[in-house]
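Residues per chain, in single letters:
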Amino acid sequence: MASTIRSAQLPPLHEPHEREEVGRQLQALLVELIDLSLLGKQLHWTVAGALFRPLHLQLDELIDSWRELADTVAERAVAIGFIPDGQSATVAADSPLRPVERGQLEDRVVARELTARLAEVAEHARNHMDRLGELDAASQDVATEVVRALEEQLWMVRSQLA
Ligand SMILES: [Fe+2]
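Residues numbered from 1 in each chain as written. Predicted model: local features only at pLDDT ≥ 70, side-chain atom pairs only at ≥ 80, totals over all residues. Heavy atoms only, no water.

Peer 1: What's the story with the packing of helix α1 (residues 17-46) against helix α5 (residues 137-161) in this structure? I'm lost.
Peer 2: Axis separation between α1 and α5 bottoms out at 11 Å; the angle between their running directions is 25°. On the basis of the axis angle, α1 is roughly parallel to α5. As α1 packs across α5, the resulting crossing turns out to be left-handed. When α1 is examined against α5, the residues Val22, Leu26, Leu29, Leu33 and Leu36 are found in contact with a partner set consisting of Ser139, Ala143, Val146 and Leu150. Looking at the contact of α1 with α5, its residues break down into eight nonpolar, one polar and no charged. (Axes fitted to C-alpha atoms, helices over the stretch in contact; angles between N-to-C directions. Helix = DSSP H or I, 4+ residues; strand = E, 2+ residues; numbered from the N terminus. Parallel < 35°, antiparallel > 145°, perpendicular 65-115°, else oblique. Left-handed = near helix turned anticlockwise from the far one by under 90°. Contact = heavy atoms within 4.5 Å. Nonpolar A, V, L, I, M, F, W, Y, C, P; charged D, E, K, R; others polar.)

Here's what the structure looks like:
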């Protein structure tokens, strides 16, 4: 598998298993962030009800954030010499997130589905953050940024259900 880059100028992680393991943690995070952004668009299109407008607009803000975070995660992987894979086939095969129902969804259903997926990804991101702390503080910092953003978003989305 050519998932790692060979070069003398790479950051000095202990070859090869640490680089591979840091890469795998970042890859898992990348897949979930991409899938979250795809699910988010589906909900952005299918939400209906009194909260259509705020949810429709809020979802695009969240999607922008998830796409930026995915980019940061993928670029950290490349920086340590690991080739990430954010292609649809890999995301479909590796994402643990359940798809949302294809159909028009009531605003409260959208808020609930969104909260559940966000909570799941935030929890996994926390596990990746902890594991990366044992391997590489700089990569952990990227995961920490993801956790901080997702947990803040989770608080805001959860509050709409209260
Ligand atoms: Fe749109």
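Peer 1: Quick question: what am I supposed to make of a negative patch on the surface here?
Peer 2: Taken together, the side chains of Glu61, Asp64, Glu68, Asp71 and Glu75 present a region of like negative charge at the surface. Among the structural elements, Asp64 can be located in helix α2 (residues 52-79). (Patch = residues over 30% accessible without salt bridge, like charges linked within 9 Å, V, L, I, M, F, W, Y side chains within 5 Å. Areas by Shrake-Rupley, 256 points an atom, 1.4 Å probe, with all protein chains shown as cover. Salt bridge = Lys/Arg side-chain N within 4 Å of Asp/Glu carboxyl O. Lys, Arg positive; Asp, Glu negative; His and termini not counted. Charge placed at Lys NZ, Arg CZ, Asp CG, Glu CD.)

Peer 1: Help me understand the packing of helix α4 (residues 107-133) against α5, please; the structure alone is not making it clear to me.
Peer 2: The relative placement of two packed helices is expressed as an angle between their axes plus a distance between the axes. For the pair α4 and α5, the least separation of the axes is 8 Å and the interaxial angle reads 160°. Relative to α5, the element α4 lies roughly antiparallel. Once α4 is placed against α5, the crossing between them reads as left-handed. Here the residues of the contact of α4 with α5 are counted per class, giving 17 nonpolar, six polar and five charged.

Peer 1: Help me understand α1 in this model?
Peer 2: Note: α-helices contain 3.6 residues per turn, so residues at a spacing of three or four share the same orientation. Here α1 contains 30 residues, and its C-alpha end-to-end distance of 44 Å stays within 8% of the 44 Å for a straight helix at 1.5 Å per residue. With 23 of 30 residues buried, α1 lies mostly within the body of the structure. (Expected span 1.5 Å × (residues − 1). Buried < 20%, exposed > 50% of the residue type's maximum accessible area, 1.4 Å probe, protein only.)

Peer 1: How should the side chain of Gln153 be read in this particular structure?
Peer 2: Inspection of the secondary structure assignment puts Gln153 in helix α5. Here the side chain of Gln153 touches Ser65 through a polar contact of 2.7 Å, side chain to side chain. (Polar contact = N/O pair within 3.5 Å; in protein donor to acceptor, adjacent residues only side chain to side chain.)

Peer 1: Looking at this structure, I do not really get the environment of Lys41. What am I missing?
Peer 2: In this structure, Lys41 sits in helix α1. Given a relative accessible area of 26%, Lys41 falls into the partly exposed group. Note: C-alpha distance between Lys41 and Val142 (101 residues apart in sequence) is 24 Å. Among residues more than four places away in sequence, those in contact with Lys41 are Asp60 and Ile63.

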